[in-house]
Amino acid sequence: MPSVAEIKEVFSHLERGHSPTMLEELAHYTPFQMLIMTMLSSRTKDIITIPIVKDLFTKYKTPRNFLALSFNTLERKLYGIGFYKVKARKVKELSTVILEQYSGRVPDTFEKLISLPGVGRKTANCILAYTFHKPALAVDTHVHRISNRLGWTRTKTPEETEEKLRKMVPRDLWHEVNRLFVGHGQTICKPQKPHCTICPVLKYCTFGRSKVK
């Protein structure tokens, strides 16, 4: 297990080359739009998600707007997003619940967020961290992969990784895990053919040091 000092050093190195993630870049949108955006981004690259949601949000901004939109039109708007037909249905269901149960406002607790249609742990934690600025540790495939490559965890699922990181990373730094690891995973620490030779945290990485002799 890394020390707190090492965790802070890794974050510091990653910060120097960090470019804003999608949720940072589009943080000016409303909590409801951020929730929709995060749901849609699952299993879809940011370069595909960003232009689609920007176009979508020029006209559709509230749960009521999405409920007024025909299902076929919504599907066409989401075309290109992974599992767009399933997600279109979830957007409709989510809009109904937000409007009817929460008067159009996105709840700001983990328990209420994960009870919403289409909202899992990662999405709920992203909304808490990026929208409501609450301590939350959002673990996606990038966070899961990098945590294991660094040697911080030896886990098989993102849920297991989240549990380990919660005990390891200081609570006031939880938000940095997703913010910094996502960007690093998209550019350097890729699933296949990671660029270990130019990695800014190579000396801290068990996987990288084994690849670069």
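Just so you know, these numbers come straight off a predicted model, no measurement behind them.

Q: Could you give me a rundown of the environment of P20, with the residues and numbers involved?
A: Checked against the element boundaries, P20 lands in the loop between α1 (4–16) and α2 (22–25). P20 gets classed as exposed once you look at its relative accessible area, which sits at 56%. When the C-alpha atoms of P20 and L202 are compared, they prove to be 22 Å apart, with 182 residues separating the residues in sequence.

Q: For the side chain of K92, give the residues involved together with the corresponding values.
A: Position of K92 relative to the elements: it lies in helix α7 (residues 84–102). Among buried Asp, Glu, Lys and Arg side chains, K92 stands out as unpaired, with E75 the closest opposite charge at 11 Å. Engagement of the side chain of K92 in a polar contact is seen with the backbone oxygen of L67, the distance being 3.3 Å. Those residues in contact with K92, other than ones at most four positions away along the chain, are F66, L67, L69, S70, F71 and L74.

Q: Give me the lowdown on the pattern of salt bridges, citing residues and values where you can.
A: Pairing between side chains becomes possible if they bear opposite charge and their charged atoms approach one another. Applying the stated criterion across every chain yields a total of 11 salt bridges. One salt bridge connects E15 with R179, and the closest N-O pair in it is separated by 2.2 Å. Within this pair, whereas E15 is found in helix α1, its partner R179 is found in helix α12 (residues 174–187), the two being separated by 164 residues in sequence. In this structure E15 comes out as partly exposed when scored by relative accessible area, which is 35%. A salt bridge links E162 to R121, with the shortest nitrogen-to-oxygen separation between them at 2.8 Å. Residue E162 is located in helix α11 (residues 158–168), and its partner R121 is located in helix α9 (residues 121–131); the two are separated by 41 residues in the primary sequence. When its relative accessible area of 4% is taken as the criterion, E162 is described as buried.

Conventions and cut-offs
Residues numbered from 1 in each chain as written. Predicted model: local features only at pLDDT ≥ 70, side-chain atom pairs only at ≥ 80, totals over all residues. Heavy atoms only, no water. Helix = DSSP H or I, 4+ residues; strand = E, 2+ residues; numbered from the N terminus. Buried < 20%, exposed > 50% of the residue type's maximum accessible area, 1.4 Å probe, protein only. Lys, Arg positive; Asp, Glu negative; His and termini not counted. Salt bridge = Lys/Arg side-chain N within 4 Å of Asp/Glu carboxyl O. Polar contact = N/O pair within 3.5 Å; in protein donor to acceptor, adjacent residues only side chain to side chain. Contact = heavy atoms within 4.5 Å.

The values are spatial; any link to function lies outside them.
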